[in-house]
Amino acid sequence: MTRLIFLGPPGAGKGTQADNLSRNCDVPHISTGDILRAAVANATELGKKAQFYMDAGELVPDELILNLIRERLAEEDALAGWILDGFPRNVEQATFLDELLKEINQPFECVVNLEVPDEVIISRLVNRGKEEGRSDDTESTIRHRLEVYRERTEPLIDFYRSRQQLVSIDGNQPIEDVNEDLAKVVQV
Ligand code: AP5
């Protein structure tokens, strides 16, 4: 049963790889960023509260995210597996996820950590900003997202590595090569 967590800085390719793998494994790709962007687009209560943080490149407060994950993992399509992208994002979210997965008896396989240098990330996301107009893909906000990543999310690398649940992959190669490296470490 496929249950994976994708970790890595903004623009590392988490969404790209998670999307591809979810189609191959026929399990949902659950991206908290995508869920939040849809909420913003639909002007829901969640979206109205989240937009300020997202535009600033800050993490949305945990109280807006934790219940969302609990509800999403309880949906029918997630019972047979899932790929998480963008969650957990800090130690508090990781601890919450541990407790939730124990409660619903859904252990995960491993955490895939995509490694990409900052200058590559900035170039990828500035390009995406020009092509797709995502509001947080401006150079100054990308740099801030990277700072937030270092401070809040990067500690999860040691958190999962110390439990021998982390697999690191070089994300600075063509998408197909990252796919291949992923296939070597993940059972699909
Ligand atoms: P989120 O949507 O999670 O954004 P992110 O982590 O900044 O990730 P990205 O989507 O920018 O990058 P990615 O690693 O998925 O790369 P992608 O495949 O897209 O979060 C956005 C915001 O929502 C956060 O800032 C926060 O405010 C909020 N949020 C979300 N989750 C939260 C949580 N749990 N708690 C609190 N707040 C939360 O690729 C990027 C680009 O690179 C694309 O153009 C792609 O085509 C290209 N690319 C991908 N792979 C390659 C490759 N190998 N070679 C060349 N180009 C590539």
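Here goes a summary of the coordinates provided. (Residues numbered from 1 in each chain as written. Predicted model: local features only at pLDDT ≥ 70, side-chain atom pairs only at ≥ 80, totals over all residues. Heavy atoms only, no water.)

**Observations concerning the side chain of H29**
Relative to the helices and strands, H29 is located in strand β2 (residues 29-31). A polar side-chain atom of H29 sits 3.4 Å from a polar atom in the side chain of D19. Polar side-chain contacts of H29 include one of 2.8 Å to the side chain of D85. In contact with H29, not counting residues within four places along its chain, are G15, A18, D19, S22, D34, I83 and D85. (Helix = DSSP H or I, 4+ residues; strand = E, 2+ residues; numbered from the N terminus. Polar contact = N/O pair within 3.5 Å; in protein donor to acceptor, adjacent residues only side chain to side chain. Contact = heavy atoms within 4.5 Å.)

**Considerations on the packing of helix α2 (residues 32-41) against helix α4 (residues 62-73)**
Angle between the axes and distance between the axes: these two values describe a pair of packed helices. Packing of α2 against α4 brings their axes to within 11 Å, and their N-to-C directions diverge by 110°. Judged by the angle between their axes, α2 and α4 are roughly perpendicular. Residue-level inspection shows T32, I35 and L36 of α2 in contact with α4, the latter providing I65, L68 and I69. In the contact of α2 with α4, the residues fall into 5 nonpolar, 1 polar and no charged. (Axes fitted to C-alpha atoms, helices over the stretch in contact; angles between N-to-C directions. Parallel < 35°, antiparallel > 145°, perpendicular 65-115°, else oblique. Nonpolar A, V, L, I, M, F, W, Y, C, P; charged D, E, K, R; others polar.)

**Concerning the pattern of salt bridges**
Across all of its chains, the model carries 16 salt bridges by this definition. Put simply, R161 and D158 hold a salt bridge, and the shortest N to O gap is 3.0 Å. Residue R161 and its partner D158 are located together in helix α8 (residues 155-161), separated by 3 residues, close to a single helical turn. Residue classification places R161 among the partly exposed residues on the basis of a relative accessible area of 44%. One salt-bridge network, held together by shared partners, links R128, R134, D136, D137 and R145. (Salt bridge = Lys/Arg side-chain N within 4 Å of Asp/Glu carboxyl O. Buried < 20%, exposed > 50% of the residue type's maximum accessible area, 1.4 Å probe, protein only.)

**Comments concerning the site of the ligand**
The full set close to the ligand counts 30 residues, and T16, T32, E58, R128 and R145 are the nearest of them. The separation between an oxygen atom of the ligand and a polar side-chain atom of K14 is 2.8 Å. E58 has a polar backbone atom sitting 2.6 Å from an oxygen atom of the ligand. Calculation on the ligand without its partners gives an accessible area of 1000 Å², and the protein chains cover 86% of this total. Per-element accounting of the shell around the ligand gives the leading share, 4 residues, to α2. (Near = heavy atom within 4 Å. Areas by Shrake-Rupley, 256 points an atom, 1.4 Å probe, with all protein chains shown as cover.)

**Structural notes on the sheet that holds strand β1 (residues 3-7)**
Read from one edge of the open sheet, 5 strands run β2-β3-β1-β4-β5, paired in parallel fashion. Strand pairing shows two members of the sheet lacking a second neighbour, β2 and β5 (166-170), which therefore form its edges. Averaged over neighbouring strand pairs, the angle between their axes works out to 25° when direction is ignored. The sheet contact formed by β2 and strand β3 (residues 82-85) spans 3 bridges and is parallel. The residue of β3 that forms the bridge with H29 is I83. (Pairing = 2+ DSSP bridges.)

Read these as spatial facts, not as claims about activity.
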